[in-house]
Amino acid sequence: MQLYSTNNKDLRVSFKEAVFNSLPADKGLYMPESIPELDPDFLRNLHTFSLPEIAFNVARNILNGDIPDSDLKKIIDDAINFDAPLVKLEKQVHVLELFHGPSLAFKDFGARFMSRVMSYFLEAGEKELNVLVATSGDTGGAVALGFLGVPNTTVTILYPKGKVSPIQELQLTTNGQNIRAVEIEGTFDDCQALVKQAFIDPDLKARFRLTSANSINISRLIPQTFYYFNAYAQLQRLGKHEVIFAVPSGNFGNIGAGFLAWKMGLPVRKFIAATNINDTVPVFLSSGVYQAKPSVQTFSNAMDVGDPSNWVRIMDLFKGDRSALKRFLTSYTFTDSETLNAIKEVFDKHQYIMCPHTAIAWLASKQWLNDNPGKNSDIIFLSTAHPCKFPDIFSEDLVAKIDVPSQVKELEGRAKFAVSLGKDFAGFKQYLLGS
Ligand SMILES: *Cc1c(COP(=O)(O)O)cnc(C)c1O
């Protein structure tokens with residue numbers, strides 16, 4: 001697999017280089033030079049394969065020999081070792097539960113695959129690796145648990161102080177070993193800016209082998225395609241074949257992976273991007289003006305992103321053509337109070353508890369059905385995290401009804417450790433150089 005930069009179509013780097021660089025020097029994003037179309041027989045028969053089998057076949061086609069089959073199979077079986085079940089909620093509406101991994105969020109797919117791919121390439125001759133990651137909550141936990149104990153790696157996680165949930169904070173700050181947490185006086189965008197600047201800083205580049213674990217890393221995007229195929233497999237088992245995906249979106253990595261899956265031949269009718277009031281993309285789709293803005297804090301804090309970093313990838317897939325994109329992508333925006341009402345409504349009707357991010361995707365699914373009466377496509381909305389990660393937003397009686405998985409109970413007694421820093425780059429650089 002060869003990759004180019006969205007800022008330079010003539011650039012070519014190998015998969016390994018893209019994984020370790022994370023970002024090209026020209027500050028674009030890496031994109032696969034060619035996206036393989038999967039065998040139509042495989043797609044028709046998806047329902048006969050398990051999730052790891054689907055994952056292996058998809059990865060093998062896209063990587064195109066970068067990792068030999070037997071090693072790739074080991075990586076997949078180790079990384080994708082939990083389920084992603086489709087649950088029917090109501091007529092035409094299904095929820096894809098992506099929160100059954102160790103950090104209880106869909107980011108486990110990306111982080112677990114990426115850490116094993118990096119470790120694989122390290123074994124093939126690299127030295128010590130420094131992973132820098134900015135998180136608005138869920139990335140950090142997934143990356144920390146994905147890399148914990150992986151030899152020859154140090155992971156530094158930056159998160160906005162006071163803006164992640166207590167369970168998220170425990171997942172970030174109680175690991176020890178090769179994982180360290182830094183709380184930044186600022187927003188997620190400030191954390192992301194620090195990481196981006198570190199990558200282009202000559203002193204830091206001279207001293208460390210820096211890499212990013214953010215959703216901009218191509219090795220996180222690829223494994224997120226797996227569950228789109230696997231969701232379709234589950235729909236086939238119900239005798240259905242027309243699907244629309246509704247994706248709760250922040251940095252637009254998750255939905256970007258969906259677009260990749262579609263490019264590989266998955267027969268998706270449409271995507272729906274569901275955002276909270278950080279509505280840069282919905283505004284762009286309706287007005288044509290992409291205006292990045294500072295992020296605003298909401299209950300769905302993993303989607304509090306004012307300048308979605310993967311958006312350029314989606315524009316790149318559509319060659320910058322907004323009208324072509326709009327035929328295929330609809331977007332909706334919802335407020336915190338709509339989110340809370342949705343959680344309550346779905347619980348009252350179905351005894352099903354959704355996290356606030358998931359609730360926004362449910363709202364978007366319902367809105368689409370409302371706006372398009374008579375259409376009989378099934379909608380799969382993605383549930384990106386387990387509700388127990390966001391206890392503050394639920395009423396007490398709902399909190400009492402959430403089953404807290406054992407992974408979380410174990411964290412509760414542990415000691416928290418994080419370094420506090422401001423949002424200025426000089427201080428962050430000094431911290432990195434001093435360690
Ligand atoms: C990261 C995250 C999102 C947003 O995903 P993107 O790929 O950034 O669009 C949504 N929900 C949860 C729970 C998340 O952790």
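As the structure is a computational prediction, the values presented were derived from the model and not from experiment.

Draft legend 1. Just the sheet that holds strand E12 (residues 329–333), in detail. Strand order in the open sheet formed by 6 strands is E4-E5-E13-E10-E11-E12, with mixed pairing between adjacent strands. Each edge of the sheet is formed by a strand with only one pairing partner; in this case those strands are strand E4 (86–90) and E12. Ignoring strand direction, the axes of neighbouring strands in this sheet form an average angle of 25 degrees. Here strand E5 (residues 93–97) runs beside strand E13 (residues 378–383); their pairing, made up of 5 bridges, is parallel. Across the sheet, Val93 pairs through a bridge with Ile379, a residue of E13.

Draft legend 2. How the structure looks around the packing of helix H6 (residues 138–147) against helix H7 (residues 166–173). Interhelical geometry of H6 versus H7 gives an angle of 35 degrees and a closest axis separation of 8 Å. Note that H6 runs across H7; the crossing there is left-handed. Along its contact with H6, which presents Asp138, Gly140, Gly141 and Ala144, the element H7 presents Gln168, Gln171 and Leu172. Among the residues making up the contact of H6 with H7, the classes are represented as 2 nonpolar, 4 polar and 1 charged.

Draft legend 3. The arrangement of the site of the ligand in detail. Lining the immediate surroundings of the ligand are 15 residues, of which Lys107, Asp138, Gly250, Asn251 and Thr384 lie closest. At 2.8 Å from an oxygen atom of the ligand is found a main-chain nitrogen or oxygen belonging to Gly250. The contact in question runs from an oxygen atom of the ligand to an N or O atom on the backbone of Asn251, over 2.8 Å. Protein chains bury 98% of the 380 Å² of accessible surface belonging to the ligand in isolation. Looking at the shell around the ligand residue by residue, the classes come out as 6 nonpolar, 7 polar and 2 charged.

The rules behind these values
- Residues numbered from 1 in each chain as written.
- Predicted model: local features only at pLDDT ≥ 70, side-chain atom pairs only at ≥ 80, totals over all residues.
- Heavy atoms only, no water.
- Pairing = 2+ DSSP bridges.
- Helix = DSSP H or I, 4+ residues; strand = E, 2+ residues; numbered from the N terminus.
- Axes fitted to C-alpha atoms, helices over the stretch in contact; angles between N-to-C directions.
- Left-handed = near helix turned anticlockwise from the far one by under 90°.
- Contact = heavy atoms within 4.5 Å.
- Nonpolar A, V, L, I, M, F, W, Y, C, P; charged D, E, K, R; others polar.
- Near = heavy atom within 4 Å.
- Polar contact = N/O pair within 3.5 Å; in protein donor to acceptor, adjacent residues only side chain to side chain.
- Areas by Shrake-Rupley, 256 points an atom, 1.4 Å probe, with all protein chains shown as cover.

The analysis is restricted to geometry; functional conclusions fall outside its scope.
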